[in-house]
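Reading the structure
These are the residues of each chain, in order.
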Amino acid sequence: MEDGTSKALGYCTGTMDDQVVQWDTRADCDVRKILDRVADKWSLLVIALLDRRTMRFSELRRAIDGVSQRMLTVTLRQLERDGLVTRTVYPVVPPRVEYELTALGFSLHEVIKSLVVWTEEHQREISDARTAYDDRTAEEERLLQAPMAR
C-alpha cells in the first residue's frame, strides 16, 4: 500500500455539487489518487495499446516511445493493482508474460477514446487559441520592454 493511503475507501467530503461531481484537490482524496494514476501519460498509452489484444512487455516497450523499462514495469504493476490490467505468466523458458485489459480497463479505454476523439475534433481550435495567446503575450512583452529601451 502506498505511503499515506487509507485502508478504507475514502469519500472526499465537500466534493459533491448538485450538478457536477468534482474531485477534491487534497492529497488524501481517493478520487484524486485514481485520476492521477490513470491519467498519466504512460498509463494512457498502455491502456490505448491493449485495446482488444494482449501484448508482451517487450512489445509494449517497443510501441511506447521514450518509456524506460523501469517506468513501464511500475506503470503495469499499478494498472494491475488497480484492476485495469491482467498479467499472465506462462511457465516456459524464457518466461512469457502477457498483459491485457480487464473489463474495468476496457470501460476506461472507452472514456479515453472519447477524449482522443474530442481532441482530434478540436485540435484546430486549440492550435488557433495557442497561436493567438502566443501572439498576444509576445506583443505584451514587447510593449513592456519598449519603455525600458529608452
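Structural notes, computed from the coordinates. Remember, predicted model here, so these are calculated numbers, not experimental data.

**Re the overall build of the chain**
- A tally of helices and strands in the chain yields five helices and three strands.
- In the chain, buried positions account for 22% of the 150 residues.
- A separation threshold of at least 6 residues defines the contact pool for the chain, and within that pool the share at least 24 residues apart is 42%.
- Carbon and sulfur atoms provide 55% of the accessible area of the chain, an area that totals close to 11300 Å².

**Points about the pattern of salt bridges**
- The full count for this structure, using the stated rule, is six salt bridges.
- With its nearest N and O atoms 3.1 Å apart, the salt bridge here joins Arg-37 to Asp-82. Separated by 45 residues along the polypeptide, Arg-37 in helix α1 (residues 30–38) and Asp-82 in the loop between α4 (69–81) and β2 (85–90) bring together distant segments of the chain.
- Given the relative accessible area of 12%, Arg-37 is considered buried.
- Judged by its relative accessible area of 29%, Asp-82 is partly exposed.
- Here Glu-139 and Arg-142 are joined by a salt bridge, their closest N and O atoms 2.5 Å apart.

**Re the packing of helix α2 (residues 41–49) against α4**
- Contact geometry for α2 and α4: axes closest at 10 Å, N-to-C directions at 70 degrees. By the angle between their directions, the pair α2 and α4 is classed as roughly perpendicular. Here Trp-42, Ser-43, Val-46 and Ile-47 of α2 come into contact with α4, specifically with Met-71, Leu-72, Thr-75, Leu-76 and Leu-79.
- Residues that form the contact of α2 with α4 fall into these classes: seven nonpolar, two polar and no charged.

**Comments concerning the sheet that holds strand β3 (residues 96–101)**
- Spatially, the three strands line up as an open sheet ordered β1-β3-β2, and their pairing is antiparallel. Because the sheet does not close on itself, it has two edges, and the strands there are β1 (55–56) and β2.

**Quick notes on the side chain of Thr-75**
- Within the element layout of this structure, Thr-75 appears in helix α4.
- When its relative accessible area of 1% is taken as the criterion, Thr-75 is described as buried.
- Reaching out from Thr-75, the side chain makes a polar contact with the backbone oxygen of Met-71 at a distance of 2.8 Å.
- With near-sequence residues (within four places) excluded, Thr-75 lies in contact with Trp-42, Ser-43 and Val-46.

**Quick notes on the pairing of β2**
- Pairing analysis gives six bridges linking β2 to β3, with the strands arranged antiparallel. By the bridge assignment, Arg-87 is partnered in β3 with Tyr-99.
- Once β2 ends, the chain turns through five residues before running back antiparallel as β3.

Rules used throughout
Residues numbered from 1 in each chain as written. Predicted model: local features only at pLDDT ≥ 70, side-chain atom pairs only at ≥ 80, totals over all residues. Heavy atoms only, no water. Helix = DSSP H or I, 4+ residues; strand = E, 2+ residues; numbered from the N terminus. Buried < 20%, exposed > 50% of the residue type's maximum accessible area, 1.4 Å probe, protein only. Contact = heavy atoms within 4.5 Å. Areas by Shrake-Rupley, 256 points an atom, 1.4 Å probe, with all protein chains shown as cover. Salt bridge = Lys/Arg side-chain N within 4 Å of Asp/Glu carboxyl O. Axes fitted to C-alpha atoms, helices over the stretch in contact; angles between N-to-C directions. Parallel < 35°, antiparallel > 145°, perpendicular 65-115°, else oblique. Nonpolar A, V, L, I, M, F, W, Y, C, P; charged D, E, K, R; others polar. Pairing = 2+ DSSP bridges. Polar contact = N/O pair within 3.5 Å; in protein donor to acceptor, adjacent residues only side chain to side chain.

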